[in-house]
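Breakdown of the fold
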Amino acid sequence: MVHMRVAVYPGSFDPPTLGHLDIIERGERLFDRLIVGIGVNSNKRMFLEYEERKRALEACLEGRPKVEVQIFQGLLVDFCRENGANAIIRGLRAISDFDYEFQISTANRKLAPEIETVMFMTKWDYSFISSSVVREVARLGGEYQQFVPGKVSEIIEAKLRS
Ligand code: PNS
């Protein structure tokens, strides 16, 4: 029997950035199927709606048959199990990300020891980009377009005009 290597790349993706796209492209090379999971978090203030984030990601991922986008509620490890994924991908930018990533990856391993978290070191060029920087620059009228894929810019533009 052929064993499929399935990974979930979870995040808020509010909005997706060039850094996220880079991690997806690199993850795609290592796995047979990559599910980009947009986690529903009712505590966070939203910029883009979940469906808008999904649309933005799908627009960037056209023509990539191994990658799909889903919105999920509840525990990440449950979402992984439902999809037969045994790996969680996360991007690591700077030292400041480490504490949080170490905490959630350890918690996730306690909850689901069979699922491994795989950290990708962010490309140097994208190491300063975050969704919150993009949101702030966009809201204040700066050139946020340089931090996101063109298709995401279109969705942000429409949002800012609405
Ligand atoms: O891009 P973000 O905001 O760092 O993504 C956070 C996300 C969605 C990965 C995280 O909030 C998450 O895993 N949510 C699902 C709920 C869950 O499983 N929490 C327990 C992890 S310790």
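Structure shown above.
Residues numbered from 1 in each chain as written. Predicted model: local features only at pLDDT ≥ 70, side-chain atom pairs only at ≥ 80, totals over all residues. Heavy atoms only, no water.

1. Brief notes about the sheet that holds strand S2 (residues 33-39)
What counts here: Pairing between strands requires that DSSP locate at least two bridges from one strand to the other. The helix and strand labels rest on DSSP assignments: H or I over at least four residues marks a helix, E over at least two residues marks a strand, and numbering proceeds from the N terminus. Axes here mean lines fitted to C-alpha atoms, for a helix over just the part in contact, with angles spanning 0 to 180 degrees between N-to-C directions. Only heavy atoms enter the contact rule, under which two residues are in contact if any of them lie within 4.5 Å.
Ordered in space as S3-S2-S1-S4-S5, the five strands form an open sheet in which the pairing is parallel. With partners counted over all chains shown, the strands left at the sheet margins are strand S3 (67-72) and strand S5 (116-121), one partner each. Each strand axis lies, on average, 30° off the axis of its neighbour in the sheet, ignoring direction. Strand direction decides the pairing type here: strand S1 (residues 6-11) and S2, joined by six bridges, are parallel. Residue pairing for S2: Ala7 is matched across the bridge by Leu34. Seen against the sheet, helix H2 (residues 50-60) touches S2 and S3 and runs at an angle of roughly 175° to S3.

2. Brief notes about the site of the ligand
The line we're drawing: One heavy atom suffices: a residue is near a molecule or strand as soon as one of its heavy atoms comes within 4 Å of it. Polar contacts, as counted here, are pairs of nitrogen or oxygen atoms within 3.5 Å of one another; within protein the pair requires one atom able to donate a hydrogen and one able to accept it, and residues that are adjacent in sequence qualify only if both atoms are side-chain atoms. Values of accessible area rely on a 1.4 Å probe in the Shrake-Rupley scheme; residue burial ignores everything except the protein chains shown. Amino acids outside the nonpolar list (Ala, Val, Leu, Ile, Met, Phe, Trp, Tyr, Cys, Pro) and the charged list (Asp, Glu, Lys, Arg) are all regarded as polar, and Gly is one of them.
The local shell around the ligand holds 13 residues, among which Gly11, Ser12, Lys44, Leu76 and Arg90 are the closest. Contacts to the ligand include Lys44, whose side-chain N or O atom sits 2.8 Å from an oxygen atom. At 2.8 Å from an oxygen atom of the ligand is found a main-chain nitrogen or oxygen belonging to Leu76. When the free accessible area of the ligand is taken as 550 Å², the share hidden by the protein chains comes to 73%. Elements supplying a minimum of two residues to the shell around the ligand: S1 and helix H4 (95-111). Looking at the shell around the ligand, the element that brings in the most residues is H4, giving four residues. Counted by class, the shell around the ligand contains seven nonpolar, four polar and two charged residues.

3. Observations concerning the environment of Val118
Within the secondary structure layout, Val118 lies in strand S5. Spatially, the C-alpha atoms of Val118 and Gly91 are 8.5 Å apart, while their sequence positions differ by 27 residues. What Val118 contacts, discounting residues up to four positions off in sequence, is Ala87, Ile88, Ile89 and Arg90.

4. Overview of unusual backbone geometry
Omega for the peptide link from Asp14 to Pro15 comes to 5°, which places this bond in the cis form. Looking at the element boundaries, Pro15 is found in the loop between S1 and helix H1 (18-30). Look at Phe13: it is not a glycine, yet its phi comes out positive at around 50°. On the secondary structure map, Phe13 appears in the loop between S1 and H1.

5. Details of the nonpolar core
To keep things clear, this is the line we draw: Here, the term nonpolar core denotes a set of buried Ala, Val, Leu, Ile, Met, Phe, Trp, Tyr and Cys residues that are joined through side-chain atoms within 4.5 Å. Note on classification: 1.4 Å probe, protein chains only; a residue is buried when its accessible area is under 20% of the maximum for its type, exposed when over 50%, partly exposed between these limits.
Counting residues in each nonpolar core, the largest one holds 31 residues, and the members touching the most others are Ile24, Val36, Leu57, Leu61, Ile89 and Ile156. Taken together, the elements giving at least two residues each to this core come down to S1, H1, S2, H2, S3, strand S4 (87-92), helix H5 (131-139) and helix H6 (150-161). A total of four residues in this core trace back to one element, the largest contributor, which is H2. Contacts of Ile24, omitting those with residues within four sequence positions, involve Tyr9, Leu34, Val36, Leu57, Leu61 and Val67.

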